[in-house]
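# Commentary on secondary and tertiary structure
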Amino acid sequence: MANKKISQLTAKGTALAATDLVEISESDGAGGYVTKSVTGANIKSGLQATLVSATNIKTVNSTTLLGSGDLAVQATLVSATNIKTINGTTILGSGNLSISAGQIVPAVSNTIGTTITGLTNAISDSFLLPANTFSSNCVFELQWMPSRIVGTSGTTQGLVYINSTNSLTGATLFATGANMTATGITTGRFVRWVSVRSNIGSLPLTSAQQSSDYTSLLPTENLPFDNTSGIYFLFVMNNTTNVLLQSRNVGYKLVGYNL
Amino acid sequence: MSNIKTSKGKLTFNKIDYVLQNFTNDSGESVSYALVSDSQVHIGTDKGIILFDLSCTINKETFTDINLFTAALY
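Here's a quick rundown of the structure. Residue indices begin from 1 for each chain and proceed along its sequence in written order. Whichever chain is written first is A, and whichever ligand is written first is 1; the rest continue in order. Local features in this predicted model are restricted to residues of pLDDT 70 or higher, and side-chain atom pairs are both shown and tallied only at a pLDDT of 80 or more, whereas totals for entire chains, interfaces and linings draw on every residue. Computation of side-chain values covers all heavy atoms of the structure but excludes hydrogens and water.

## So, the overall build of chain B
Helix and strand assignments follow DSSP, with helices taken as H or I runs no shorter than four residues and strands as E runs no shorter than two, numbered in order from the N terminus. Broken down by element type, chain B carries 1 helix and 9 strands. Each helix and strand of chain B, ordered N terminal to C terminal, gives the series β-β-β-β-β-β-β-β-β-α. As defined in this context, the radius of gyration uses C-alpha atoms, and a globule is described by 2.2 Å times the residue total to the power 0.38. For a compact globule of 74 residues, the expected C-alpha radius of gyration is about 11 Å, and chain B comes in at 12 Å, within 12% of that figure. Taken over the C-alpha atoms alone, chain B extends approximately 35 × 25 × 15 Å along its principal axes. Out of the 74 residues in chain B, the part that is buried amounts to 42%. Here a residue-residue contact requires only that any non-hydrogen atoms of the pair lie within 4.5 Å. Across chain B, contacts joining residues at least 24 apart in sequence account for 46% of those joining residues at least 6 apart. Method for areas: the Shrake-Rupley scheme with a 1.4 Å probe, in which residue coverage is limited to the protein chains shown. As presented, chain B carries roughly 4,000 Å² of accessible surface, and 47% of it is formed by carbon and sulfur atoms. Counted as positive: Lys and Arg. Counted as negative: Asp and Glu, with His and the chain ends omitted from the count. Working definition for charges: the position is that of NZ of Lys, CZ of Arg, CG of Asp or CD of Glu. If the 6 positive side-chain charges of chain B are averaged to one point and the 8 negative ones to another, these points end up 18 Å apart. Burial classification: accessible surface area is computed with a 1.4 Å probe over protein chains only, and a residue below 20% of its type maximum counts as buried, one above 50% as exposed, and the rest as partly exposed.

See below:
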């Protein structure tokens, strides 16, 4: 072997055996080297074991990491770029995001209701409260704004009904606004506050002409209110005693809490 | 056309049973019904005040007068 380049040696032609010897130069730590031998077993003991998925290398959601190619991962989240904000505020970061009290606002009008003309009681506006918006125990407040827009005499009322369809036939009276008798354009805001327990709503008289529920003088009514199905709120204008009367509902808002 | 079925102080509409009972009207009086228009009436029931109109039949009979319609409910 003397005076032979390593490329001139006879090739072993098989894998390194545990008993094979390999010549090495071991550092003496002082800049010199000492010629020594190591066995094939010495060399193999220093190598990483063959990777076996789920044995000595973890998986990602039960999928192996072994193999070639790129592993698809989610891009780094950048607020307002690939993750939305809430009212312009980032939701990235640690800690809790506090949401105030579970308030639900399922309906706010964005148009003016249909004008109702003459001696009639007809729907001016409506909205559908989708099924399961409210639980069987909830509280909510409905505000609505009927408006008398034409007529020099007679009375206008803005009433609210609830029904399973967008129709007055078979609808249940939910609230009665006060009489509006002033000539010219008159608009009122009325409030119905309801406490629902086991799908039964407690509220003051539906037929009484009240501009709010604040009075303590009205007896309590128990009204079925089961939101496991959709409920239509119907805003109805009732013109009386003057065929020339015109009125319409100009706004509404429903706000509630599940308990 | 929806039908109202009547039966001794009760009526059935859209598969819902209603027990007829009085309610307090705008004047504070206890009444069993209140006419709303020439074609509509408020009927007091155990499930609240229900609006019915002449588009409904009563026991399959058609009405054109709201007073006769209301009388047929009781």
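There is more to say after this.
## Let's talk about the nonpolar core
Soluble globular proteins tend to bury their nonpolar side chains together. Remark: nonpolar core denotes a set of buried residues (Ala, Val, Leu, Ile, Met, Phe, Trp, Tyr, Cys) joined through side-chain atoms within 4.5 Å. Counting residues in hydrophobic clusters, the biggest one holds 23 residues, and the most contacted among them are Phe 127, Phe 140, Leu 142, Phe 174, Phe 233 and Leu 254 of chain A. If you list the elements that add at least two residues to this core, you get β5 (121-129), β6 (138-150), β7 (155-163), β8 (172-176), β10 (190-197), β13 (231-240) and β14 (246-258) of chain A. Broken down by element, the residue count for this core peaks at 4 residues, all from β6 of chain A. Ranked by size, the runner-up nonpolar core spans 16 residues in total, among them Ile 4, Phe 13, Phe 52 and Leu 73 of chain B.

## Quick word on the interface of chain A and chain B
Facing the 19 residues of chain A at the interface are 17 residues of chain B. Values labelled buried area give the accessible surface lost by two parts on being combined, using a 1.4 Å probe and summing over both. For the chain A and chain B pair, buried surface summed over both sides reaches about 1,300 Å², with 51% attributable to carbon and sulfur atoms. Among the residues of chain A in contact with chain B, Thr 169, Gly 170 and Ser 207 of chain A are the three that bury the most area, contributing 33% of the side total. One side-chain nitrogen of Lys or Arg within 4 Å of one carboxyl oxygen of Asp or Glu is enough to make a salt bridge. There are 0 salt bridges connecting chain A and chain B. N or O atoms closer than or at 3.5 Å make up a polar contact, with two conditions inside protein: a donor-capable atom paired with an acceptor-capable one, and, for residues adjacent in sequence, both atoms drawn from side chains. Across the chain A-chain B interface, the total number found is 8 residue pairs in polar contact (both at pLDDT 80 or more). Where the side of chain A that touches chain B is concerned, the elements lending two or more residues are β7, β8 and β12 (220-224) of chain A. Each residue receives one of three labels: charged for Asp, Glu, Lys and Arg, nonpolar for Ala, Val, Leu, Ile, Met, Phe, Trp, Tyr, Cys and Pro, and polar for the others, Gly being one of them. Across the side of chain A that touches chain B, the residue classes tally to 9 nonpolar, 10 polar and no charged.

## Quick word on the sheet that holds strand β3 (residues 16-19) of chain B
All names here are of chain B. Strand order in the open sheet formed by 4 strands is β3-β2-β1-β9, and the pairing between neighbours is mixed. This sheet does not close on itself; its edge strands, each paired only once, are β3 and β9 (57-58). Two strands form a pair only when DSSP identifies at least two bridges running between them. Pairing geometry for strand β2 (residues 10-13) and β3, over 4 bridges, is antiparallel. Residue pairing across strands places Lys 10 opposite Val 19, the latter belonging to β3. Angles shown run from 0 to 180 degrees and are taken between the N-to-C directions of axes, each axis being a line fitted to C-alpha atoms and, for helices, limited to the stretch in contact. Along the sheet, helix α1 (residues 66-73) makes contact with β1 (3-7), β2 and β9, crossing β1 at roughly 45 degrees.

## Re the layout of surface pockets
In this structure, the largest pocket spans a volume of roughly 580 Å³. With a 1 Å grid laid over protein atoms only, a set of points is called a cavity when a 1.4 Å probe fits there but cannot get out and a pocket when it is open yet has protein on both sides within 12 Å along at least five of seven lines; lining residues have an atom within 4 Å of a point. Forming the boundary of the largest pocket are 24 residues, of which Asn 163, Ser 164 and Thr 172 of chain A together with Ile 16 and Tyr 18 of chain B lie nearest the centre. Where the lining of the largest pocket is concerned, the elements lending two or more residues are β7 of chain A together with β3 of chain B. For the lining of the largest pocket, a count of residues per class yields 9 nonpolar, 13 polar and 2 charged. Where the lining of the second largest pocket is concerned, the elements lending two or more residues are β7, β8 and β13 of chain A together with β6 (33-37) of chain B. Of the residues that constitute the lining of the second largest pocket, the class distribution is 6 nonpolar, 10 polar and 1 charged. Grid points are joined across faces, edges and corners, and a volume is the space filled by probe spheres set on the points.

## Digging into the environment of Met 1 of chain B
Residue and element names in this part refer to chain B. Along the polypeptide, Met 1 turns up in the segment before β1. Placed 11 residues apart in sequence, Met 1 and Thr 12 show a C-alpha to C-alpha distance of 14 Å. For Met 1, the residues in contact, after removing those within four places along its chain, are Ser 55, Cys 56, Thr 57 and Thr 62.

## Focus: the packing of aromatic side chains
Only Phe, Tyr and Trp rings take part, Trp by its six-membered ring, and two of them pair if their centres are within 6.5 Å. Stacked means planes under 30 degrees apart, edge-to-face means over 60, and tilted covers everything else. Tallying each qualifying case throughout the model produces 14 aromatic pairs over all chains. When the centroid spacing of 6.0 Å and the interplanar angle of 35 degrees are considered together, the rings of Phe 127 of chain A and Phe 235 of chain A count as tilted. With Phe 127 of chain A in strand β5 and Phe 235 of chain A in strand β13, this residue pair connects regions lying 108 residues apart in the sequence. For the pair shown, Phe 127 of chain A and Phe 235 of chain A are each scored as buried. Centre to centre, the rings of Phe 13 of chain B and Phe 52 of chain B are 5.2 Å apart; their planes meet at 75 degrees, and the pair counts as edge-to-face. In this pair, Phe 13 of chain B sits in strand β2 while Phe 52 of chain B sits in strand β8 (residues 48-53), placing the two residues 39 residues apart along the sequence. The same class applies to Phe 13 of chain B as to Phe 52 of chain B, namely buried. By definition, being over a ring means that NZ of Lys or CZ of Arg is both within 6 Å of the ring centre and within 35 degrees of the ring normal. Just above the ring of Tyr 18 of chain B sits the side chain of Lys 47 of chain B; from NZ or CZ to the centre is 5.7 Å.

No statement about biological role is implied by the geometric values presented.
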